[in-house]
Structures are given as structure tokens and as C-alpha cells.
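The primary structure of each chain is shown beneath.
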Amino acid sequence: MPRRTVYEASIEYMQILDEHGNLDEKLAKDTLSDDDVVYMYEHMVTCRQLDEIAFKLQRSGRMGTYPQNKGQEAAAIGSGFAAKKGEDWLVPCYRENAALYMHGLPMHYILLHWMGDERGNQIPDGVNITPISIPIGTHMLHAVGIAWAMKLRKEPRVVLTYFGDGSTSEGDFHEAMNFASVFQTPTVFICQNNQWAISTPRESQMNSETVAQKALAYGMPTCQIDGNDIFAAYKATKEATDRARAGGGPSFIEMVTYRLGDHTTADDARRYRDQAEVDAWKEKDPIIRTRLYLESRGLWDDDRQIKLQDRAKTIVSEVVKAAEDIEKPGTDDFFDHMFAVLPEHLIRQRDTLRTSSIGQNPEQAGLRATPARV
Amino acid sequence: MPELIETPIHPAAGPWDLPEFVSEDQLPSRQGDRVIQYREALREAMAEEMRRDKRVYLIGEEVAQYNGAYKISQGMLEEFGPKRIIDSPISESGFAGMSIAAAMYGLRPIVEFMSWSFSLVAADPILNNAAKMLYMSGGQWGCPIVFRGNDGAGGQLGSTHSWCVEGLFANVPGMKMVIPSCPYDAKGLLKTAIRDPDPVFFLESERMLGDRAHVPAEEYYIPFGQAAKLREGDACTLVSFGRPVNFCLEAARRLAEDGIECDVLDMRTIRPLDIESIAASVQRTGRVVVVDQSWPFGSVASEVMAQVCEHCFDWLDAPPARVNTADVPTPYAKGLEQAYLPNPDRIVAAVENIVQG
Ligand SMILES: Cc1ncc(C[n+]2csc(CCOP(=O)(O)OP(=O)(O)O)c2C)c(N)n1
Ligand SMILES: [Mg+2]
């Protein structure tokens, strides 16, 4: 037979909770309990509140550029819930606050980071999260490296890494995927396909029908799910983490979702996308459908909603206060973490703020030494 | 149907299509009331060259539909269409590498990095391919390409997003490096860069894109390797490039109030480096402070100081001095970032220190 098919594949799509709050009972079996859903719902609402307030803080000049998460909470929390808190690791980019918060990152750290304070990335012991990563695509290799180290250390742990649709155009993404597969590392690649990379729509970013199919080339289990559905996000991720923990190697999950806000506070998305498109996605908002589902099961009502909203406001205003109350870093601070032991030339720079030509007496140069921090 | 391009494939072979350069005093006046932004000056340079030469295209993230992340290419998609103003996927290594080969094959790419910080993922194509192509092909494959984008800190974008690449990249032979400090130079230098037969790294500053000044409507080309003298004085020479030139001018004004008059030289290009003008000034003043917005170790300032020592040792009345950033990654916090960068206060202090001995 001179011509034959040597490879065939297809991509499975999964949705369990639709936008009207209807649940596919069969698929939902053994996934999330009522308590789980309530817990996740409360988290999503609180993170949405954080998002709104962070946006306002930026607008009033109290914070630097901030990327809103609005609309993508289910993908973050559903997947995060499938990882073992304090055991597994998360290697994030910048649009999965709900997962970070759920895994124990104090919420004010998120604000602290975007306020421009490196201490926001000084993640507390026992919280298994790496710092927020801005150079697109580069952190996925770290996820593979950590997973590989875990494997060599024979730890039954898994690494989840988050990235956007646009990030899959970077070379580093492909190198990470290939390594993960060749080395069979316990890595779960979670692509939050929110349809846009700043102003670049998915169709201009790639010519493939799905993002999920990119994993086929690396021989990796892959699927596409409704990313606004906590059940599907949880189930797909749980299958992937179970497989990885059992030594089955990496997996890829494309979570189809939508960025309801601007790319960051430096962007105005109205300039490049149709309001009709945004409106259509607003109806698929993960928070709306999760609430509908909870109501249909008699687990939620207006009274609980009002209480939750009040609680979220209180939590977030405390978080803002916590972030703003931390003593601002001084110029000494940027020398503190340069080396395990600060070398002589940096001690001199710290004490004089003279950065070069330091052969001369700093007092002669008319430079006040900054008071040392106590 | 776009017009056919019939010029030769190997651009190294010429014809090189160089502009005619005139001396500084014959360039159009810097004074006038056609006040536009730095970003508009850049756009004007690109648009004029694209009208003149159909081989020129612009590629980068967000450059077309979105008019550029910093609105530099505003309106260019409408004028030149999507074949020449090209939105790229987020693949810096990809569009840099491909454009290098397009340049080898007779096109004239302008590659926009949203930020030079993101050129780091394209380090191999820009440093290992573009800068060495002519050399490694024994003079056969030219590489007339312009890489441009935002360089430098000051926007509170955190350390990975605030790179000043000049110190790092200027070390590599085979490319030219341009860093304008004002709208007038931005236009004249970018036009020269696009006409240049070799790879040019063109460093803009996000902090200056909104700066406004008179820019002539007519076409003009500023030659590479010619520093501009922006102020005259006998006490000390201040040498800088890019955004901190403006800090030097401010420092010089303040020093003048105390009777300390400085020469202020804007290098305009880092490679080629106009050491002749710098040396001539230092030989007259006997003192020099080099101001550089990147890290001190192995920086452009270090190179300028080394060359000053080679050329002016016997004329120096005081040790040459540098003002760089602190030797740490760019701090994210606003106040700290300002303290980390060179600023007029620190320049004044450095000059006073060597003038008063
Ligand atoms: C290497 C690199 N190139 C470019 C950028 C600028 N940039 C920041 S976010 C972004 C879009 C990313 O899109 P996507 O991966 O889909 O994530 P999303 O923002 O949609 O969550 C770009 C181009 C960057 N940070 N790093
Ligand atoms: Mg995206």
C-alpha cells in the first residue's frame, strides 16, 4: 500500500455546566460537591471584586498598570481546585488571580506586585506559586523544569502552568511542550484562550482551528473545554493531574474563555472589538451560570448574594489597606536582594547612592548617604 | 497587484541608495512652529521612506490594526495597506529572523519591538544573524534592516520590562546603534537608518514619545557618527545619548546659575561613536562627565571614558566621571525607579565634584 494514513487525531470538547446553569449530570458525577461549588463561587465573586477595585486604584493613580481577570475566573479556579494546595505548584503568567488566591497567596500580595513592590512576589512559605511572569512564554519552561526536578526527586507532585492563546506563538512555548513530552514531566499546560492577545484576535495569531491541537504534534494528551465552566475546568484538570501524578506525563488543556475587560489598564479594547461580541460573551460569564446552578439546587438566594457581596467588599477593602499600609520600600531596599552576601561595591553604592566613578570620597561629591534602614 | 520590485536580491552589492548628507548648518532649522510629538516624527520618517521605496515594510506586534502599542504607526495601515504594515503573532524571534532574511533577499524591513525588552527572546537572530551576515557571507549577503522600539526604564514597568539594551548590544560588532534625544533628531536619524545598507538598532524612549518640538516638514537626513553640541562652556564636558541628554541640559542650566558653564554633547549614535567631537571638547574643558541610563559595568559610558582616556589623557584636569543607574535590576516602585536612574541632581553633583576637585 503506497499511501496510507500514519496518524489520525481529533480534539474532544467538553462542557458540563452550560451558560444557562444546566448541568450534565453524567459528566458531573464524582466532580464537585455542593460545598465545593459554593466555595468556588464565593472565591470567584471575591476575585471579581478585587478586579474592579484594582482597576479603580489604577485609575486614581494608586497603582501601576493592571491586567483585569474579569470573565476568566472559572478557568483559573476550576483548574486550581484540581491541584493539591501546598503540594502541587502553580507557575502563572498574570491572569489567574483566582487560582493564586485559592492556593494561598495573600490577596494583598497581588496588589502589592502591581503597585510596583517586589515584595508582592515574596511568596510565603508553603504557598507553591512562582512569581508573576511578564516576558511572554518564558515561564512555561520553568514549569517543565520544576516538574522535571520533582520527577527526579521522586515527589508525587504536579505543576500547573497558565498562559494565553497569544503565548503559544512564542518559541519557548514549543520548546517547553517538547521537553515536557520527551522527558514525560508531570506538567499540566493550561491555555486560557480568551480570544485576544491585546488587540490581536486568535485568528491572526494562529491558523489552526484550535489551540489544543498544537499539543498533538508533541504527542501529548490534549482537549478543549468550556473555560467558563468550573465543572469542565475542574474535571479536565483533575484527569490531567491524576495522570501526571501516576507517571503518565504532561497534558494540555485549552480553556475557551473571554477577556471581558481591557488587556490592561493601559488599553482600551473598544477601539478594536465589537460591542456585540463582548455582549454575547457577557451572557456566558462564569459567575452568572454558577449562580444559576446554585439557585436551581436551592443553595443560593438573593439574601446570600447580598451577604457575599458585602463580605467581598470588606475583604477587598482590607486587602487594599494591607497593601497600602506596608511601609514603602526605600532606596536601600533595591540592594538587599542582589547577592547572598552584598559585595563591597554595592555596599558603597547603597550608602552613597553614587552608582559609578566611586573612586572619590562621597562626602566630597556632596552626596548625602541615605539613612540605613533599621 | 502590488508593483514588482526589480532591485537586486543581494543588497550588499548595491546600489545603496544612500541619501545625500549635508553639513549640520545646512540642515533645516531646528527653530519653527511646526510642533509635533516625538512619536509623530518617527511616523513621518517611516512614512516618507515608505512612499519613496516600495521595498520598505513595517512589521511587529500590534503595529497595524492597533496603530502600534504606542501609537507610533497611527494611520499607516490605511495609507500602506496590510502587505506593508504587518501585524505579527507574538513571535519576536520569528519576525526578526524572517525579516533578516527578507532584507537579505532585497527588501527593507523595519522591525518594531513593542519594547527592546522583548528583543531578548530574539537575541540570536538580531545579534548572531543580522550583525554578522555580511561578514560571514564574505561580503555577499547584506542586511539592510532597522530594528526599533522602546528602550529604557522610567515607566514603572518592572525589571523585565524596563531594559536599556545599549550597553548589552553595543558590544556586538557589525551593527549600528542610534538613540535620538529629541523629535527633530528622531526624524532625521530614522530616515538615515532606513536608507542605511547595514543593520541598525534604533532605540526610542517610551518616556519621550509625547515630547513636542519643531520638526521640519521637509525631508532631511542626519548622518550617523556626528555628535551634536547643544550647549557651550569651558568648565566641563557633559556627554550623553538618548533621554538623559535632556537631564544633562537641565543640569547644565542649573550649573550655569552658579557660574559653571558646560559643553553638552549628544552622541546621537553609539555606533559609530563620534569620539573626535568628544575628544575636541574634553581637550578644551579638561573635564568630562558621561551620563548613561544603563548599568555602569561594561556600559557605553565605560567605553566613552576609556576612549577619552586614550585620546585626552594629557589634557585631563580631573578623573573622568560617569553617572549610570545603580548596579541592580530596575526597581518596580515609582520613587525607587527615579532614584535608580540618572537625574539632573546626580549630574549636577558629579560635575561639581570634579570641577571643585
Ligand atoms: C516576549 C514578550 N513579547 C511581548 C510582550 C507584550 N505583551 C504583553 S501581554 C501580550 C499579549 C499576550 O496575549 P495572550 O498570551 O493571549 O495572553 P492574554 O493577555 O490574552 O491573557 C503581549 C504581546 C511581552 N510581555 N513579552
Ligand atoms: Mg489571550
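Residues numbered from 1 in each chain as written. Chains lettered and ligands numbered in written order. Predicted model: local features only at pLDDT ≥ 70, side-chain atom pairs only at ≥ 80, totals over all residues.

Novice: Would you mind showing me how to read the domain arrangement of chain A here?
Specialist: Interfaces are frequently sized by the accessible area removed from exposure as the parts join. Splitting chain A by domain gives domain 1 (13-325) and domain 2 (330-374). On a C-alpha basis, the centroid separation for the pair domain 1 of chain A and domain 2 of chain A is 41 Å. (Domains from an automatic or database assignment.)

Novice: What's the story with the pairing of strand β3 (residues 159-164) of chain A in this structure? I'm lost.
Specialist: Residues in a regular strand point their side chains to alternate faces of the sheet. Residue and element names in this part refer to chain A. Burial of β3 is extensive: six of the six residues sit out of reach of the surface. Here β3 shows a buried face lined by V159, T161 and F163 and a second buried face lined by L160, Y162 and G164. Relative to β3, strand β2 (residues 89-91) is paired through three bridges, and the arrangement is parallel. Across the sheet, residue L90 finds its bridge partner in β3, namely L160. Relative to strand β4 (residues 187-193), β3 runs parallel, the two sharing six bridges. (Buried ≥ 20, exposed ≤ 12 C-beta atoms within 10 Å, placed from the backbone. Helix = DSSP H or I, 4+ residues; strand = E, 2+ residues; numbered from the N terminus. Pairing = 2+ DSSP bridges.)

Novice: Even after reading the chapter, I still don't get unusual backbone geometry, so can you show me in this structure?
Specialist: The bulk of non-glycine residues show a negative phi, and the bulk of peptide bonds are trans. With an omega of 0°, the peptide bond between R271(B) and P272(B) qualifies as cis. Tracing the backbone through its elements, the reader meets P272(B) in the loop between β12 (269-271) and α9 (275-285). In this structure, D30(A) takes a positive phi of about 60° despite not being glycine. Looking at the secondary structure, you find D30(A) in the loop between α1 (25-28) and α2 (34-59). Backbone geometry at N67(B) places phi at a positive 70°, although glycine is not the residue there. Considering the arrangement of structural elements, one finds N67(B) in the loop between β2 (56-60) and α2 (76-80). N67(B) sits in the buried class, given 21 other C-beta atoms within 10 Å.

Novice: Where do I start with the site of ligand 1 in this structure?
Specialist: The local shell around ligand 1 holds 21 residues, among which I136(A), G164(A), G166(A), S167(A) and A197(A) are the closest. Near ligand 1, residues from chains A and B are present, making the site a shared one. Of all elements in the fold, only β3 and β5 (196-197) of chain A reach the threshold of two or more residues within the shell around ligand 1. For the shell around ligand 1, the per-class residue count stands at eleven nonpolar, five polar and five charged. (Near = placed C-beta within 6 Å. Nonpolar A, V, L, I, M, F, W, Y, C, P; charged D, E, K, R; others polar.)

Novice: Just checking my understanding: could you explain the packing of α2(A) against helix α11 (residues 286-296) of chain A for this structure?
Specialist: All names here are of chain A. Put simply, α2 and α11 touch, their axes get as near as 10 Å, and they point 145° apart. Where α2 crosses over α11, the two elements pack in a sense that is left-handed. Note on element contacts: α11 touches α2 through P286, I287, T290, R291, Y293 and L294, opposite V37, V38, Y41, M44, V45 and R48. Here the contact of α2 with α11 is composed, by residue class, of nine nonpolar, one polar and two charged. (Axes fitted to C-alpha atoms, helices over the stretch in contact; angles between N-to-C directions. Left-handed = near helix turned anticlockwise from the far one by under 90°. Contact = placed C-beta atoms within 7 Å.)

Novice: What is the right way to read the sheet that holds strand β6 (residues 176-178) of chain B from this model?
Specialist: Picture the strands of a sheet paired through backbone hydrogen bonds; they go either parallel or antiparallel. All names here are of chain B. Spatially, seven strands are ordered β3-β2-β4-β5-β7-β6-β12 in an open sheet, and the strand pairing comes out mixed. The open sheet is flanked by β3 (85-87) and β12, the only strands paired with a single partner. Taken pair by pair, the neighbouring strands of this sheet meet at an average axis angle of 20°, ignoring direction. As defined by bridge partners, strand β4 (residues 108-115) adjoins strand β5 (residues 146-150) across five bridges and the pair is classed as parallel. Counted as the bridge partner of S115 is N150 from β5. The strands that helix α3 (residues 92-104) touches are β2, β4 and β5; relative to β4, the one it contacts most, it runs at about 165°.

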